[in-house]
Amino acid sequence: ILASKKTTQVSAGDLLGDYGFISIESNLGETLKFLSVVGEKAISDDMQITESRSNQISILRSAEGHISVVEDVSLHDATGFSLDSMGSVVIGTDNKVRGFVNQNTSALIYFGQTPAYHLGDPEKGSGLSIALQLPSSVPNLTGQTYHLLSMTTGLSDQGLQLGAMTSREMHFNPDNTVSPNDIVVQKSLLPFAGGDVNLATIPSNYPNLSFVLEENGLLKITSIETGEGILEFEGYVSANGEMIVMRSKLTASVSNNIEIGMVVGIAKK
């Protein structure tokens, strides 16, 4: 559940400009698919949302049990939207993708149920997207701390994996490093062959990690070595610095299994 204080006077003109977005989606059909997208969108004065960059990772499991990972950098067509003065947003024309703009228009958040197709197989999917207004210069994050929330999903030969970060925070240090502190991740595995659900609690600390931060707020934290594999984050810092949204990608060290997810950071006051 994501909640934001409502506005009473927002208009489409308040949304003009560039946004960085993260999406996470699940699709059910003959193929089970989880996907996550990181990229950029532009909102124009004719109430269109146009993608200018997109990198999508999909984890698929066929009806026969074969698992594959697909990366796709193709862009989607521009999409129209409607907006009321209270900040409620409807994306597209079928009213199945809805969301809201936060009070200072720095974030656009929407959830929807949309049909998708993979190799000709019809699927039904549900997804969450968070788009942040981007800065025009490199943000100064030194000394800033963010509360972190996350959800992850993945497929392995053994079963369906789900995870969530239950605490704590991420701090940007004066030496141009970042420290995710006191991280606790809870993971569950649902075996495809049946049996009990396995639940694991994994505490971790990652002090003084290097990161890359660009003019448009693009943030990358890569090559984090964990007991499960290599962890990477890629996402955006909002123009006002209040929010960070990132895609997580965990590549297992002993197989080609990949977990993907969404991480949300809220600036600590």
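The paragraphs below set out a description of the structure included in this document. Since the structure is predicted, the reported quantities are computational estimates derived from the model, not experimental observations. Residue indices follow the written sequence of each chain, beginning from 1 at its first position. A pLDDT threshold of at least 70 governs which residues receive local features in this predicted model, and a stricter bar of 80 or more applies before side-chain atom pairs are shown or counted, although totals over entire chains, interfaces and linings include all residues. Just so you know, side-chain values use all the structure's heavy atoms and leave hydrogens and water out.

Let's shift gears to the pairing of strand β17 (residues 229–237). Here is the key point about a regular strand: its side chains alternate between the two faces of the sheet. Any residue under 20% of the maximum accessible area for its type is buried, any over 50% is exposed, and the rest in between are partly exposed; the area is computed with a 1.4 Å probe on protein chains only. Only DSSP runs of H or I covering at least 4 residues are called helices, and only runs of E covering at least 2 are called strands; the numbering of each starts at the N terminus. In terms of residue burial, β17 counts as a mostly covered element, since seven of its nine residues are buried. Any two strands with at least two DSSP bridges between them are considered paired. Relative to β17, strand β16 (residues 218–225) runs antiparallel, the two being bridged by six bridges. Looking at β17, one finds that isoleucine 221 is bridged to phenylalanine 233. In terms of strand pairing, β17 meets strand β18 (residues 243–252) through nine bridges, oriented antiparallel. Directly across from leucine 231, in β18, lies its bridge partner leucine 250. The antiparallel hairpin formed by β17 and β18 contains five residues in its connecting segment, where glycine 241 sits at a positive phi of about 75°.

Alignment of strand β12 (residues 177–191) against strand β14 (residues 209–210), held across two bridges, turns out to be antiparallel. Pairing of valine 178 across the sheet is with leucine 209, part of β14. Across seven bridges, β12 lies against strand β13 (residues 198–204) in antiparallel orientation. Within β13, the residue paired with leucine 189 across the bridge is asparagine 198. Following β12, the chain reverses through six residues before pairing antiparallel with β13; glycine 194 in that reversal takes a positive phi of roughly 90°.

Backbone geometry at asparagine 208 places phi at a positive 55°, although glycine is not the residue there. By the element assignment, asparagine 208 lies in the loop between β13 and β14.

With 23 residues, the main nonpolar core has Met170, Phe172 and Ile244 as its most contacted residues. Every element with two or more residues in this core is listed here: β10 (145–155), β11 (159–172), β12, β16, β17, β18 and β19 (258–267). Note on contacts: a residue pair is in contact if any heavy atoms of the two residues lie within 4.5 Å. Isoleucine 244 has contacts with Leu132, Tyr146, Met170, Phe172, Leu219, Tyr236, Val237, Val263, Val264 and Gly265, leaving out every residue within four places of it along the chain. Counting 17 residues, the second-largest nonpolar core is a separate cluster that includes Phe21, Ile43, Phe81 and Val101. What makes a nonpolar core is a set of buried Ala, Val, Leu, Ile, Met, Phe, Trp, Tyr and Cys residues whose side-chain atoms join them at distances within 4.5 Å.

With respect to the secondary-structure elements, isoleucine 67 resides in strand β4 (residues 67–72). Looking at isoleucine 67, the relative accessible area reads 27%, which means it is partly exposed. Taking C-alpha positions, isoleucine 67 is 40 Å from glycine 87, a pair spaced 20 residues apart along the chain. With residues up to four places along the chain from it excluded, the contact list for isoleucine 67 reads Ile59, Leu60, Arg61, Leu155, Ser156 and Asp157.

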